[in-house]
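# Analysis of the macromolecular model
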Amino acid sequence: MNKIPLVDLKAQHALLHSEIEQAISRVIQNTNFIQGKEVKDFEQAFAAFLGEGVYCSTCGNGTDALILALSALGIGKGDEVITTPHTFIATVEAICFVGAKPVFVDISDETMLLDPQLIEMAITPKTKAILPVHLYGQPCDMEAIMQIARKRNLVVIEDSAQAHGASWKGKKVGTWGDASCFSFFPGKNLGAYGDAGCVTSCNEEIAQKAKMLANHGRVDKYEHLIPGVNSRLDTIQAAVLNVKLKHLDEWTRNRQRLAKRYMDAFQGSEAKVQTIAEEATSVWHLFVLRHPEREQILRALKEKEIYGGIHYPIALHLQPALSYLGYEKGSFPIAEKAADEVFSLPLYPELSFEQQDKIIDAVQEFLSQLV
Ligand SMILES: *Cc1c(COP(=O)(O)O)cnc(C)c1O
């Protein structure tokens, strides 16, 4: 097998299959499929992974986590939420879903993350929240963002769906904002065997409220304090996540080692690498390069059975689903240029240096033909 996929979930399962199958089989034998002990165990373990004084409330997926966090913080109709146009659509769908209005600001050309310097200009009397996204595993400048939020009396919700364990100045994402959202979609750095997600917060009340909203607004079996939804984490998924969380730091170190090799290979080449801020520790969910001829590069890689990706090809303000917001082409030129140029190379903890060298050679061969 010489194919190199963008993400190889089979390689990871092969290493853990007996432990995971036992964990799943225990849940099946106990038949505690909903809110079993494994769910609480995972909430405690993931909170401890992020740091001291953190609370974790699990839910059905990362998109629900965003919706639950926004709802728990009282964001809804008539409110504006400032966010980035260069992210997965779920970030913005959640804002729309609670009835609020997404307000975009452009990204930094170097990091491709929400540019903190542009936030204040977008604040209006209706602005209630800032929703930064730690895209590609790289943390936003949370110090700058929290400073603006405190000064202007806004809440901050972090979208940490791609950044389990990433940190800004040594403090992990998921512990900076008033609330933070994680996804455990199978392809994320910590992935379940189906959909899964959580809200984290250092404020116990907010975490409790998100938890309550995710479970029919329940305080106990028959008493419902607020109207909620059903977005609980399955016990089977929690059992899988408990096994996998123990390996996350090791997997992250592998990603970082591979990312450094990619960086060394492409620094100064025709394909532009991301700039990682000195204060940032990225967990490299994706390794992203930029080149105007990215379609050609991806095609050349595919011919060699190397499969890249594009995250993401259309800036969100230009998506048909969001045309009602009234933005047009040219509204956010840096994000639009990024959307036209970015492409992702295969990166996962089990990728071997040999496989990686093959990928690097293939990209460099293409680039050398261009000049
Ligand atoms: C994956 C992802 C989400 C949504 O998570 P799901 O679990 O797939 O619902 C939200 N935001 C970002 C940035 C993501 O990458």
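Given the structure is predicted, the values throughout are model-derived calculations rather than measurements.

### Description of the site of the ligand
- Near the ligand, the surroundings consist of 13 residues, among which Gly62, Thr63, Asp159, Ser183 and Lys188 are the closest.
- Here an oxygen atom of the ligand sits 2.8 Å away from a polar atom, N or O, in the side chain of Gln162.
- Lys188 has a polar side-chain atom sitting 3.1 Å from an oxygen atom of the ligand.
- Notes on the ligand: free accessible area 380 Å², of which the protein chains cover 93%.
- In this structure the site holding the ligand corresponds to the largest pocket.
- Of all elements in the fold, only helix H3 (62–72) and helix H4 (90–97) reach the threshold of two or more residues within the shell around the ligand.
- In the shell around the ligand, the residues fall into four nonpolar, seven polar and two charged.

### Here's the deal with the state of the cysteines
- Scanning the model with the defined rule gives zero disulfides in all.
- Here Cys140 stays unpaired: no disulfide links it, and the sulfur of Cys181, its closest cysteine neighbor, is 13 Å away.
- With no disulfide of its own, Cys202 lies closest to Cys56 among cysteine sulfurs, the gap being 12 Å.

### Observations regarding the sheet that holds strand S12 (residues 272–273)
- Strand order across the open sheet formed by three strands is S12-S14-S15, with antiparallel pairing between neighbours. The sheet terminates laterally at S12 and strand S15 (342–345), the two strands that pair on one side only.
- Across two bridges, S12 lies against strand S14 (residues 287–290) in antiparallel orientation. When the bridges of S14 are listed, Val273 appears paired with Leu289.

### Observations concerning the sheet that holds strand S5 (residues 155–159)
- The sheet built from seven strands is open, its strands ordered S1-S9-S8-S5-S4-S2-S3 with mixed pairing. Both outer strands of the open sheet, strand S1 (55–59) and strand S3 (101–104), are each paired with one neighbouring strand and no more. Each neighbouring strand pair of the sheet contributes to a mean axis angle of 25°, computed without reference to strand direction.
- Looking at chain direction, strand S2 (residues 80–83) and strand S4 (residues 127–131) are connected through four bridges and run parallel. Counterpart to Thr83 in the pairing with S4 is Leu131.
- Packing against the sheet, helix H2 (residues 37–50) makes contact with S1, strand S8 (179–183) and strand S9 (197–201), and its axis sits at approximately 135° to S1.
- Packed on one face of the sheet, helix H6 (residues 142–152) meets S4 and S5 and runs near 150° to S5.

Reading the values: the criteria
Residues numbered from 1 in each chain as written. Predicted model: local features only at pLDDT ≥ 70, side-chain atom pairs only at ≥ 80, totals over all residues. Heavy atoms only, no water. Near = heavy atom within 4 Å. Polar contact = N/O pair within 3.5 Å; in protein donor to acceptor, adjacent residues only side chain to side chain. Areas by Shrake-Rupley, 256 points an atom, 1.4 Å probe, with all protein chains shown as cover. 1 Å grid on protein atoms, 1.4 Å probe; cavity = no way out; pocket = protein on both sides within 12 Å on 5 of 7 lines; lining within 4 Å. Sits in = over half its atoms within 2 Å of the grid points. Helix = DSSP H or I, 4+ residues; strand = E, 2+ residues; numbered from the N terminus. Nonpolar A, V, L, I, M, F, W, Y, C, P; charged D, E, K, R; others polar. Disulfide = S-S within 2.5 Å. Pairing = 2+ DSSP bridges. Axes fitted to C-alpha atoms, helices over the stretch in contact; angles between N-to-C directions. Contact = heavy atoms within 4.5 Å.

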